[in-house]
Amino acid sequence: MKDFASRWEKLVTAARQAPPADTVAPYGFATRIAARALGEPQPALRAVFGRFSVHALWVAGVLMLASMAANYVAFAGGEDDEQGLTDPVSEVLSSS
Amino acid sequence: MADETFDFAVCLERVRQRDQRAARELVDQLYPLVIRIVRAHLPRRVAEEDLAQEVFLKMFTRLDQYKGAVAFTHWVSRIAVTTCIDQLRAQKSRPEFRWADLSEQEAEVLDSVLTSENAVAANDALAARELVTKLLGQLKPEDRLVLQLLDLEQHSVAEISGITGWNPSLVKVRAFRARGKLKKLFEELERKERS
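Residues numbered from 1 in each chain as written. Chains lettered and ligands numbered in written order. Predicted model: local features only at pLDDT ≥ 70, side-chain atom pairs only at ≥ 80, totals over all residues. Heavy atoms only, no water.

Caption draft 1: Layout of the overall build of chain A. When helices and strands are tallied, chain A shows six helices and zero strands. Ordering the α and β elements of chain A from the N terminus gives α-α-α-α-α-α. In chain A, which comprises 96 residues, the share counted as buried stands at 18%. (Helix = DSSP H or I, 4+ residues; strand = E, 2+ residues; numbered from the N terminus. Buried < 20%, exposed > 50% of the residue type's maximum accessible area, 1.4 Å probe, protein only.)

The following block contains the structure:
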């Protein structure tokens, strides 16, 4: 391992002396990234919208159940109510 | 390297308010840091600019997750490192290292390293760097990263821990394992050279 260590050290020492490559962003790179990153809908805004959508779904479901419960008597007793109604045509005919 | 006088907190606040100019400044500021990581871990057939773009877009997407617990540059480094490692993993197979694939200068440098006691000539520094990159390319992405940061860029174990998010013991274990693999590769190359 010692032999390897010295060889490896020799190689990386030489490699470290290589001139650093250019690290300036290519022309237009930052503009392109900024436009893409900020051009899309804000994640937080999307998340809020999504959360509202889920809440709205729950509220709609609860309202549906509440309205069904409130009108249950009317649904259940619908036939009885109809039986209580008189036929308006026969009523008119009988009165004439 | 990022300018130490640059005020990241102010810039990030402006970016959160959708300020395009601040976003451009942030990219320009961080580009040297990101491109160095990308170049050190660039998978084959992937353009460095494409990978850098992916890193920056991830950074902007996750900006709300940054709580300031670590330096912003370290946070971005971790995104860059994980993005590169994911890309390298996606490649699955690594090409076999062969003498025949080396340029004439790289082969000379390798020959000198294996057979001579003398230091590598200063004008062979570029070839030496290319050679190191090719040798490191034989390792697993995580092992390659550790040796790149430790031996080539001369970061401390604590700094590597900060950049990668791995604990110092894991960094040391990976470095030890990576050197063991490189040692085997050197022995194999030496055998092939003699034969």
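Caption draft 2: View of the overall build of chain B. A count of helical and extended segments in chain B gives nine helices and zero strands. Listing the helices and strands of chain B from first to last along the sequence gives α-α-α-α-α-α-α-α-α. When each of the 195 residues of chain B is scored for burial, the buried share is 46%. Summarising the internal contacts of chain B: among those between residues at least 6 apart in sequence, 62% fall at separations of at least 24. Carbon together with sulfur atoms contributes 49% to the accessible area of chain B, which is approximately 10000 Å² in total. (Contact = heavy atoms within 4.5 Å. Areas by Shrake-Rupley, 256 points an atom, 1.4 Å probe, with all protein chains shown as cover.)

Caption draft 3: Local environment of the interface of chain B and chain A. On the chain A side, the residues contacting the 49 residues of chain B number 35 residues. Of the roughly 3700 Å² buried where chain B meets chain A, counting both sides, 67% is carbon and sulfur surface. The interface formed by chain B and chain A includes one salt bridge. Linking A:Arg32 and B:Glu49 is a salt bridge whose minimum nitrogen-to-oxygen distance equals 2.9 Å. Of all elements in the fold, only α1 (8–16), α2 (20–40), α3 (48–61), α5 (104–115), α6 (125–136), α7 (141–152) and α9 (168–194) of chain B reach the threshold of two or more residues within the side of chain B that touches chain A. Looking at the side of chain B that touches chain A element by element, the count peaks at ten residues for α2(B). (Buried area = accessible area lost by both parts, 1.4 Å probe. Salt bridge = Lys/Arg side-chain N within 4 Å of Asp/Glu carboxyl O.)

Caption draft 4: Quick peek at the confidence of the model for chain A. For chain A, per-residue confidence averages 80 on the pLDDT scale, and 80% of positions sit at 70 or higher. Averaged pLDDT values for the elements of chain A fall to 60 in helix α5 (residues 78–84) of chain A and rise to 90 in helix α2 (residues 29–39) of chain A. (pLDDT = per-residue confidence, 0-100.)

Caption draft 5: Here's a closer look at the nonpolar core. Core analysis: the largest hydrophobic core is formed by 76 residues, its most contacted members being A:Trp8, A:Leu11, B:Leu26, B:Met59, B:Phe60, B:Phe72 and B:Leu135. The greatest single-element share of this core, amounting to eleven residues, is contributed by α2(B). When near neighbours in sequence (up to four residues on either side) are disregarded, B:Leu26 contacts B:Phe6, B:Phe8, B:Cys11, B:Leu12, B:Val15, B:Met59, B:Phe60 and B:Phe72. (Core = buried A, V, L, I, M, F, W, Y, C linked by side-chain atoms within 4.5 Å.)

Caption draft 6: Structural view of the pattern of salt bridges. All names here are of chain B. Per the stated rule, a full pass over the model turns up 16 salt bridges over all chains. Across the pair Arg21 and Glu25 runs a salt bridge whose closest N-O atoms are separated by 3.7 Å. Residue Arg21 and its partner Glu25 are both found in helix α2; the two are separated by four residues, about one turn of the helix. Residue classification places Arg21 among the exposed residues on the basis of a relative accessible area of 55%.

Caption draft 7: How the structure looks around the packing of aromatic side chains. Counting across every chain of the model gives ten aromatic pairs over all chains. Measuring from centroid to centroid gives 5.3 Å for A:Phe4 and B:Phe186, while their planes differ by 85 degrees, and the two rings are edge-to-face. On the criterion of chain membership, the pair formed by A:Phe4 in helix α1 (residues 2–16) and B:Phe186 in helix α9 is interchain, its members lying in two chains. For the pair formed by A:Phe4 and B:Phe186, the shared burial category is buried. Arranged with centres 5.0 Å apart and planes meeting at 75 degrees, the rings of B:Tyr66 and B:Phe72 form a pair that is edge-to-face. Take B:Tyr66: its relative accessible area is 14%, and that puts it in the buried class. Looking at B:Phe72, the relative accessible area reads 4%, which means it is buried. An aromatic cluster is present here, built from B:Phe6, B:Phe8, B:Tyr66, B:Phe72 and B:Trp75 joined pairwise through their rings. The residue whose ring lies beneath B:Arg174 is B:Trp166, and the NZ or CZ to ring-centre distance is 4.3 Å. (Phe/Tyr/Trp six-rings, centres within 6.5 Å; stacked < 30°, edge-to-face > 60°. Lys NZ or Arg CZ within 6 Å of the ring centre and 35° of its normal.)

Caption draft 8: Representation of α7(B). Residues and elements named next belong to chain B. Along its twelve residues, α7 runs 15 Å from first to last C-alpha, staying within 8% of the 16 Å computed at 1.5 Å per residue. α7 sits mainly inside the fold: twelve of its twelve residues count as buried. Within α7, burial applies to Pro141, Glu142, Asp143, Arg144, Leu145, Val146, Leu147, Gln148, Leu149, Leu150, Asp151 and Leu152. (Expected span 1.5 Å × (residues − 1).)

Caption draft 9: Region of interest: the side chain of B:Asp143. All names here are of chain B. Of note, Asp143 is situated in helix α7. By relative accessible area, Asp143 is classed as buried at 0%. With sequence-adjacent residues up to four places away left out, Asp143 is seen in contact with Arg174, Arg177, Ala178 and Lys181.

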